[in-house]
Structure formats: C-alpha cells, structure tokens
Amino acid sequence: MSIKVITDKCNGCKFCMSACPLDAIKVENKKAAIELEKCNLCSACISACKSNAIVIEKKEIKVVNKEDYRGVWVFAEQKNGEIDSVSYELLGEGRKLADKLGEELSAVLVGADIRKEAEKLICYGADKVYVVDNPMLKEYQDSSYSKALFSLIQRHKPSILLGGATTIGRSLLPRLAVMLPTGLTADCTGLDIDDEKKLLLQTRPAFGGNIMATIICPDYRPQMATVRPRVMKKLAEEPSRKGEIIDEDVRFIRRDIMTEIVNVVKDTTIHVNLQDAEIIVSGGRGLKAPENFKIIRELADALGGAVGSSRAAVDAGWIPYSHQVGQTGKTVAPKIYFACGISGAIQHQVGMRTSDVIIAINKDPQAPIFQIASYGIVGDLFQVVPALTKKFKEVSN
Ligand SMILES: Cc1cc2nc3c(=O)[nH]c(=O)nc-3n(C[C@H](O)[C@H](O)[C@H](O)COP(=O)(O)OP(=O)(O)OC[C@H]3O[C@@H](n4cnc5c(N)ncnc54)[C@H](O)[C@@H]3O)c2cc1C
C-alpha cells in the first residue's frame, strides 16, 4: 500500500498536517507533501482532508491458480548441519496432512554441506527432500534462505508449507509470506484438513489464550503455518523408508548475503533445557515465596528432572523467565509433568498439556489443572512435595 496527495484537489488548508500524529506532512506553496519514510498509513490525514485530496493506493495482489499447487512441505531447519527436532515433529504432522489430502510430503533442506542429512528426513516420513547445498548458505541469513525457499516454491508450487516457531522460523516464514505473497498463521497448536474444501485448518490461541481460533487461507498459496517445538509428535524413525533426494540449484549473488557473521557467542546463562527434559517439576504461585522453590528443585533432582514454573512465579521474580512454561514461555511435552501449586490457567495449559502424564498437586479441588491431570493430589504442596521427594529417594537408593 502507498499514500499520495492529489495535488489538483489539495487547497493547502493544513488540516492534514495538524491531524498527522507522526509529523509526516508538510505544506509548501499551498500543497501538502507526505514524507513516506515517516508515514505509517494510519489514515488520520485522509479523515481530516475535506477535499478528498489524499488517497491510499492498494497494490493489486495477483490471485494464484490454486489447482497448480500440490503437496505438503516442511522447512527442515538445521544448525551446523544438525537437523532441529522440530523438523521431525513437523514431518510427523505433515505426514497426516499429506495422507489426508492424498498428496506427497516433502522436506526442504537448505544449508552448506548438509546433503548427508537428507536421508534422515525420509526415515521420519518425507517422500521427497529438496536440497539446496551451497557454501554461501553456511550460516542462517534471512535474505539468502528466503531466496532459496522462494525459488523452490516458485518452481514446485507446494500447497502447504510448515516451519518451526523457532528463532529462525519466526524470522524466515513471515519474510517469505510477504515475498510470495500469502498468509501465515504463527504458533499453531493444531493442524488439520477441511474434509470438504481441502483447506489447511490452522488452530492457535487468540485473545490472550481465551479462545482457540481456526484460521484458513482460502485464496493464496502456499498455506503457511509455524508450530512451536514439542507441540507435534514425530514418527518413529524407520531406516527402511524409501524416498527421493532432489538437488536444487539456486544461484546466489553477493548482494543476497547482506550480513557477515563475525562470531557466534553462546548464551551460557541458560542452564535449563526444559524442552528436552523427560521429567519436569513446575511450581506456581502456590509456593508463596521464592525460597520455597527449594522443595521443587529437590523433587526435580530426586527424579533427574528439570524445574519449570508458571508465569505468576516468574512475574513475581521468584525464578528466571527461562523456566516459564506456557503460551508466553516454553512448550514442553515431557514423559511426566508435575504441576505444584499451579491453578492450570489456559495460558499455562497450552504449554504443557501434551505431556504424557500430568500430576497435579493443589489444595483446591476445583483448580482447572485437575481437568487435564492424569493423577490429581488434593492437598498442601508443602506436605505432599517433600513426602514425594522422600519416597522417590528411598526407591532409588
Ligand atoms: C497473554 C497472557 C499470556 C500468559 N502466558 C502465560 C504462560 O506462558 N505461562 C503461565 O503459566 N501463565 C501465563 N499467563 C498467566 C496465566 O493466565 C495465569 O495467571 C498463571 O498461569 C497463574 O499462575 P499460577 O497457577 O502459578 O497462579 P494462580 O492462578 O494464582 O494459582 C495458584 C494455585 O496454587 C494453589 N495453592 C495455593 N497454596 C497452595 C498450597 N499450599 N498447596 C497446594 N496448592 C496451593 C491454589 O489453589 C491455586 O490453584 C498468561 C496470561 C496472559 C494474559
């Protein structure tokens, strides 16, 4: 979209200038002029102009022929040649979608010296793997990776493209959606195919997690969605699975690589790898004070697990954000999740409800956490948690 002044109609009244909250309009020689770098297209000037001299021009977006687009694609994210486990999870989900559509499931692997990893993607469900292997793609860069994916999408026209809601996926997929152009639903917690129209049904929490919204992209292709790690389940690895690996040539010029990465510094302050933990013991506001996280840590240590928390405990400053589970924290799916003194608000549940076993400890029998718990203990956590720690220690000795 862009904005312009129809100079023949402008009478230099300056109403637009007064209305502009960004000070982006100047009136010289009785004609308004808009500084486009400052303007955010809020339309305040259009409402203020009595002569209808300012208009927003919409660029026409070409509607694609949907029949040309087939197949489900997964962007196989990798770092230093190692494929991120979210890519396998997306292949598991993509397999279901592709089978429901009766179409192929493909993975797209982009990087340098990564071709050897392609076989693994087939073992986890892909029928085809498109590989763009180029030394210029050694490090992730928005500009080069989006060019690679854009070129492949133009060539092969997939109907659906899925990516992880990771740091890379959250940067790459929106950029790609604008380039194509098409829609993108971020942070989906559920995906399905509409039986009648064969559209991708993209479900995600909306309005602060108070409702689940199912979003469709009926007119543009591909239909694009990101999914957070650990939300979907990967298939079991099947080394005997057969598939096709296709080498793709995408030409890059120096201008495609806009940034030079000088050094990569690892953040050593993050000790908790909640997303990989098989057992998580989480504490909430029911702990009443930061020092009481000690009993949560003791139970986690006894079980070889990690410590999680609700947002209430993080907001109170009792534990760092890296421990937060939920909509605005991490999504986890351990084998066992203990929720101690956590009420089970929807925003917490979306981050942990796919755990295999949920054990809730809460003194309020009406707490919503009990609705999703596999086992519920109604009681005082200050008695129950230390008793469990003692018992687990006895059993393991
Ligand atoms: C946009 C948005 C995003 C959000 N994102 C997240 C998120 O990512 N993660 C998250 O967790 N929340 C999130 N929240 C906040 C969420 O709505 C809840 O406020 C929060 O989860 C509540 O934390 P809690 O269960 O620890 O506290 P409370 O809801 O206060 O629950 C405390 C529980 O402890 C129990 N209790 C008290 N004393 C004891 C005791 N002695 N023994 C046993 N039980 C006891 C109580 O019965 C109660 O059920 C978000 C909210 C919004 C609006």
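Scroll up a little and you will see the structure.
Attention here is on the structure that accompanies the text. (Residues numbered from 1 in each chain as written. Predicted model: local features only at pLDDT ≥ 70, side-chain atom pairs only at ≥ 80, totals over all residues.)

Quick word on the site of the ligand
What counts is decided by this rule: By definition, a residue lies near a molecule or strand provided its backbone-derived C-beta atom is within 6 Å of it. Put simply, DSSP marks the helices as runs of H or I at least four residues long and the strands as runs of E at least two long, and each gets a number from the N terminus on. Just so you know the grouping, Ala, Val, Leu, Ile, Met, Phe, Trp, Tyr, Cys and Pro go in nonpolar, Asp, Glu, Lys and Arg go in charged, and all remaining residues, Gly too, go in polar.
Contacts to the ligand come from 30 residues, most closely from Gly284, Gly286, Ser310, Arg311 and Gly326. Counting residues per element, the ones that place at least two in the shell around the ligand are α8 (311–315), α9 (346–349), β20 (357–362) and α11 (381–396). It is α8 that provides the largest number of residues to the shell around the ligand, a total of three residues. In terms of residue class, the shell around the ligand is made up of nine nonpolar, 16 polar and five charged.

With respect to the nonpolar core
Condition: Connectivity within a nonpolar core runs through C-beta atoms within 7 Å, and the core itself is a set of buried Ala, Val, Leu, Ile, Met, Phe, Trp, Tyr and Cys residues. Around each residue's C-beta, the other C-beta atoms within 10 Å are counted; 20 or more make the residue buried, 12 or fewer make it exposed, and counts in between make it partly exposed. All C-beta atoms are placed from the backbone. Residues are treated as contacting if the C-beta atoms built from their backbones sit within 7 Å of each other.
Ranked by size, the top nonpolar core spans 51 residues in total, and within it Leu91, Ala107, Val108, Leu109, Leu121, Val129 and Leu149 carry the most contacts. In terms of residue count, the dominant contributor to this core is helix α3 (residues 85–101) (six residues). Ignoring sequence-local partners within four residues, the contact set of Leu121 consists of Ala76, Leu91, Ala107, Leu109, Ala126 and Val129. Of all hydrophobic cores here, the second largest spans 35 residues; its members include Leu287, Trp318, Ala339 and Leu388.

As for the sheet that holds β20
Hydrogen bonds between backbone groups are what pair the strands of a sheet, and the pairing can be parallel or antiparallel. Here is the rule we go by: Any two strands between which DSSP finds at least two bridges are classified as paired. For every element, the axis is a line fit to its C-alpha atoms; helices are fit only across the contacting stretch, and the angle between N-to-C directions ranges from 0 to 180 degrees.
If you walk across this open sheet you meet the five strands as β18-β17-β19-β20-β21, and the pairing is parallel. The open sheet has two free edges, formed respectively by β18 (306–309) and β21 (375–378), since each of these has just one partner strand. When the angles between neighbouring strand axes are averaged without regard to direction, this sheet yields 20 degrees. With four bridges joining them, strand β17 (residues 279–283) and β18 adopt parallel strand pairing. What sits directly across from Ile280, in β18, is Ala306. Here helix α7 (residues 293–303) sits on the sheet in contact with β17, β18 and β19 (336–340), set at roughly 170 degrees to β17.

Structural notes on the pairing of strand β13 (residues 200–206)
Bridge count for strand β12 (residues 190–193) against β13 is four bridges, and the pairing is antiparallel. Following the sheet pairing, Gly190 is matched in β13 by Thr203. Pairing between β13 and strand β14 (residues 211–215): five bridges, direction antiparallel. The residue bridging Gln202 from the neighbouring strand is Ile215, located in β14.

Some details on helix α6 (residues 167–179)
Heads up, the rule is: In a helix, the anticipated span is given by 1.5 Å times the number of residues less one. The arc in question is the one traced by the directions running from the helix axis out to the C-beta atoms.
For α6, with 13 residues, the first-to-last C-alpha span of 19 Å sits near the 18 Å given by 1.5 Å per residue. Taken as a whole, α6 has its buried residues at Gly169, Leu172, Leu173, Leu176 and Ala177. Taken end-on, α6 shows its buried residues confined to a sector of 130 degrees, consistent with a single buried face. Summarising the geometry of α6, the exposed residues directed more than 90 degrees from the buried face are Thr167 and Val178. For α6, the elements touching its buried residues are β5 (72–76), α5 (142–156), β10 (160–164), β11 (184–188) and β15 (223–227).

Focus: the pairing of strand β3 (residues 31–34)
Covered by surrounding structure in β3 are Ala32 and Ile34 only, the residues Lys31 and Ala33 on the alternate face being uncovered. Here strand β2 (residues 25–28) hands over to β3 after two residues, with Asn29 in that stretch at a positive phi of 50 degrees.

So, the sheet that holds β13
Reading across from one edge, β12-β13-β14 is the order of the three strands in this open sheet, with antiparallel pairing throughout. Because the sheet does not close on itself, it has two edges, and the strands there are β12 and β14. The mean inter-strand angle of the sheet, taken between neighbouring strand axes irrespective of direction, is 25 degrees.

Quick look at the packing of α5 against α6
Under the convention used in this document: Relative orientations are named as follows: roughly parallel for angles under 35 degrees, roughly antiparallel for angles over 145 degrees, roughly perpendicular for angles from 65 to 115 degrees, and oblique for any other angle. Each crossing gets its handedness from the near helix: less than a right angle anticlockwise from the far helix is left-handed, clockwise is right-handed.
Where α5 meets α6, the axes come as close as 10 Å, and the angle between the chain directions of the two elements is 55 degrees. When the axis of α5 is compared with that of α6, the two are oblique. Considering how the two elements wind past one another, α5 and α6 form a crossing that is right-handed. In contact with Asp142, Tyr145, Ser146, Leu149 and Phe150 of α5, α6 contributes Ser171, Leu172, Arg175, Leu176 and Met179. Its residues assigned to classes, the contact of α5 with α6 shows six nonpolar, two polar and two charged.

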